[in-house]
Structures are given as structure tokens and as C-alpha cells.
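Chain residues, written in single-letter form:
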Amino acid sequence: MMAVVISGTGLYTPTQSISNEELVDCFNQYVEKFNRNHSKDIEEGRVAALAPSDSSFIEKASGIKSRYVMAKEDILNVDVMSPRYTERSNDELSMQAEIGVAAAKAAMLAANKTPADIDLIIVACAYTQRSYPAMAIEIQQALGCGGWGFDMLVACSAATFGIINAANAIRSGTAKTVLVINPEILSPQVNYRDRDSHFIFGDVATASIIEDESTANAEHVFKIISEKPMTRFSNNIRSNIGYMNNCSPEHVNDVDKLFIQQGRKVFKEVLPMVSELITSEMAKMELGANDIKRLYLHQANSTMNNFIAKKVLGREPKSHEAPIILDEYANTSSAGCIVALHKNKQGLVTGDKSVLCSFGAGYSACCLLLEYV
Ligand code: CO8
């Protein structure tokens, strides 16, 4: 079978960043205000007082220290607590396409490709900012690429599932060189008034070039030697935002239209699922723990990643073996494992094997085994 490779990755990092301390300061202003405004109801037991957030809890429970966002000011305004963007006209490049283009250009540069080489664009992410026309087609026009494009949503596994779709398009002959783009603008979906989840997400965009090994001409090339996607339905990570929301106007502002999760349950259910996914894929390819040089894992929680890496390697991982980027970027949904890959390619030599693995809402998970060429 034809060998398909990842021959370049690109990263767009927003210019604005929010520290845990800034976020907690705003959250705690909101808590004080809420408790003050509801003091009588709280005293008489009709309303529960809100508890403050704590930046040291956040770092200890998740490994997150900061997150990048597209627009910081109103997230930290206690009277708003959500990003605010100026709506662009239909003639302007949309925000999600803009950051996708930036990541795509960086990936093309890394892979020594021009827009003329690209014949398929897949925008794969957790949310698209509109239903249609597809973000991929807008990006196709902005870059000046030919061919075709489409969007696909698989929450945290969108990037890996996108890479599999790209590889299959190449194998089947419907494309030669594919751009998979993950423009993750997640901050609009965060409930910044929810103590359990206000700290989790950040915005970013990543992109990858996928092509036949015979045409690859880049510094860092990873051959896809095996791929195993999986899904299993769960309500433990959910958002009910959607095009039918206006049909139930009484519920349009309910908190379930933002991100909600049962974090503990996710932890308990996803960890064994992902550890088993990776180890069985390694067994299928007759790879042992010593053969794996890097684990590029989904970036949701550093304890989770440490647990998975320990299960796979059979020992405590060294920091370069299972790189963590969520201290700086927080959870960036599907883009997280690509950011980890993008920033940690150094030191690999020909033949080295790595794991690229996503996991999250759906549930969805995917393990790609890669060989450094
Ligand atoms: N400050 C202080 N204390 C807090 C805070 C806070 N902010 N939040 C909770 N606590 C307290 C709780 O009240 C609790 O107190 P007590 O023990 O008295 O009840 C205590 O801390 C422990 O709370 P938890 O059990 O909730 O804390 P955990 O140790 O489980 O950590 C995490 C919470 C970090 C959320 C953790 O559960 C986790 O990371 N879980 C799994 C996360 C995960 O993988 N989620 C998948 C995310 S989905 C995804 O990646 C993409 C989805 C699509 C994109 C969505 C875009 C918006």
C-alpha cells in the first residue's frame, strides 16, 4: 500500500493570553457580586452561595497556567464574561478562516508546498463559526488553492480523524496533497461563570500537510504506519448549541448551550479506553514500550496524560517523551495533540516511532502510529 506522510505542520497562536490569576480574579468578582445580590436568598436557604475559584487548584488539577484567546477584554469584564467580536461583513475573511489561513501557510512552508500543490482542504475542528459555506471552501479561496474542500466536526478527535480522511483520499486517488486545518476558537463556548470549567479552554489554529511519501520534501516527515479511530456515545461532554436553538426560545440561553462536562466521569471512562486503544494498536504493529519515542497526546489534563503515558511506557514518562503544551495553551480541543507534535519534533531520528492520539467528546478517540522518516 502507498505510504502516506505528515510532511509539515503549522501553528497560529493568538496574540492575547489570560493567566489563571486574571481569570480567577474576574470569576471571584462575579462570585462576590452574585453572593451579595442574593444574600437574603442564600441566608434563607433558597439559593446556594457560590464558592470562589483558585488558581493553584486549576494548575494542580489540570496543569493549565494560561490560555490564548482571540479577544481577552470582555472575558475579563465581570459584566460580560464572554469574548466579544465585531461582526465582519460577508466580503471580509471570517475570523475562523483567518486563523486557519495563518496556520495553513505555516504548514505549507514547513512542507515546501505552494497553494498550487494542494488539491483538498479539510477543516476539522470542534465548531465551525457558521454552517455554510464551508470554512474549508473560504480558506481554499483565500489561499488560492484548486481542488475541493469540506468541514468536519469530531470535537477533540477532529484533527486525527481529519488526517485519516486525508490519508484515505490520497490512497483512493481523489487527492494528492491535503491540508488538514484545525482552527479552534473555543472561548465563545466556555461558561466563564462556571467554577468547574471556566479555566479549561483556549483558542489556537493548527494545520498539517498530508501527502504520498514519494512527493514529500521536508525537514520533518512522519509516515503514518497505522491508524485506529473509535467512537462511543456519551453525554459526559456535551454542548447543545445548534441551528435548532431558536425554535425553543425559552431555552436559548440555558447553560447547556455552552460546554458542559462531568470531568470526573470523563477521567474514569476515557483513561482506560485510551490506554487500551494505544497499547492494542502497538501490539498490532508489534511495537513494545521501548520502541515508542514520543507520545503526542490530546491536551486536556496533565494528570490524564501522565497516566496514559505511564500505562503505555510501563514507567514514569520523561517530559520530552510525552510533551505537555497545555500549561501555556490550555485545552485547545483537536488542535492540542498537533501543537504538541509541532513543537516537539527535535531529536527524532529515522525509524523512531511516535504515537499521535486524540480523545474527548463523543466519546471519540484516535491513535495514529507514526514513523519518523
Ligand atoms: N477552584 C477551586 N476549587 C475547585 C474549582 C476551582 N475552579 N473547581 C472545582 N473545585 C473543587 C470542587 O468543588 C471539588 O471540591 P470538593 O472535593 O470539596 O467537592 C474539588 O475541587 C475537586 O473537584 P473535581 O473533582 O471536579 O476536580 P478534578 O480533580 O476532577 O479536576 C478537571 C477537574 C480539571 C475538570 C478534571 O476533572 C478533568 O480534567 N477532567 C477530564 C477533562 C477532560 O478530558 N475533558 C474533556 C474535555 S472535552 C474536550 O477536550 C473538547 C470538547 C470540545 C470543545 C469544547 C469547547 C468549549
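Residues numbered from 1 in each chain as written. Predicted model: local features only at pLDDT ≥ 70, side-chain atom pairs only at ≥ 80, totals over all residues. Heavy atoms only, no water.

So, on to the pairing of strand β3 (residues 66-69). Remember that side chains alternate between the two faces of the sheet whenever the strand is regular. The two faces of β3 match: S66 and Y68 on one face and R67 and V69 on the other face are all buried. Pairing of strand β2 (residues 16-19) with β3 involves four bridges; the strand directions are antiparallel. Following the sheet pairing, S19 is matched in β3 by S66. (Buried < 20%, exposed > 50% of the residue type's maximum accessible area, 1.4 Å probe, protein only. Helix = DSSP H or I, 4+ residues; strand = E, 2+ residues; numbered from the N terminus. Pairing = 2+ DSSP bridges.)

Before going further, it helps to examine the sheet that holds strand β7 (residues 204-212). Reading across the sheet, the nine strands line up as β5-β4-β6-β7-β1-β8-β13-β12-β11 and stay open at both edges, with mixed pairing between neighbours. Of all strands in the sheet, those bounded by a partner on one side alone are β5 (148-153) and β11 (292-297). Going from strand to strand, the sheet's axes swing by 25° on average, the running direction of each strand aside. Judged from the six bridges that link them, strand β4 (residues 120-125) and β5 form a sheet pairing that is parallel. Opposite L120, over in β5, you have W148 as the bridge partner. (Axes fitted to C-alpha atoms, helices over the stretch in contact; angles between N-to-C directions.)

What surrounds the ligand is a group of 26 residues, the closest being C156, Q261, R264, N301 and N331. Between N301 and the ligand, the recorded distance is 2.8 Å, taken from a side-chain N or O atom to an oxygen atom. Notes on the ligand: free accessible area 1,200 Å², of which the protein chains cover 77%. Contributing elements (two or more residues each) for the shell around the ligand: α3 (55-62) and α7 (263-284). (Near = heavy atom within 4 Å. Polar contact = N/O pair within 3.5 Å; in protein donor to acceptor, adjacent residues only side chain to side chain. Areas by Shrake-Rupley, 256 points an atom, 1.4 Å probe, with all protein chains shown as cover.)

With that settled, the discussion passes to the nonpolar core. With 52 residues, the main nonpolar core has V274, I278, L295, I308, V355 and F359 as its most contacted residues. Once residues within four sequence positions are removed from consideration, V355 is found in contact with I278, I292, R294, L295, Y296, C367, L368 and L369. Ranked by size, the runner-up nonpolar core spans 40 residues in total, among them A159, A169, A335 and Y372. (Core = buried A, V, L, I, M, F, W, Y, C linked by side-chain atoms within 4.5 Å. Contact = heavy atoms within 4.5 Å.)

Quick look at unusual backbone geometry now. With an omega dihedral of -5°, the bond running from Y132 to P133 counts as a cis peptide bond. Position of P133 among the secondary structure elements: in the loop between β4 and α5 (135-143). With an omega of -10°, the peptide bond between G362 and Y363 qualifies as cis. Position of Y363 among the secondary structure elements: in the loop between β12 (353-360) and β13 (364-372). Even without a glycine there, the phi angle at A330 is positive, about 60°. Along the polypeptide, A330 turns up in the loop between α9 (326-329) and α10 (335-343). We classify A330 as buried; its relative accessible area is 0%. Although it is not a glycine, S333 sits at a positive phi angle of roughly 50°. Along the chain, S333 turns up in the loop between α9 and α10. By relative accessible area, which is 3% here, S333 ends up buried.

Our focus in this paragraph is the state of the cysteines. One pass over the structure, following the stated rule, counts zero disulfides. Not engaged in a disulfide, the cysteine C366 finds its nearest cysteine sulfur in C367; these two sulfurs lie 7.1 Å apart. With relative accessibility at 0%, the residue C366 sits in the buried group. Summary of cysteine pairing: C367 is not part of a disulfide, and the nearest cysteine sulfur, belonging to C357, is at 5.3 Å. (Disulfide = S-S within 2.5 Å.)

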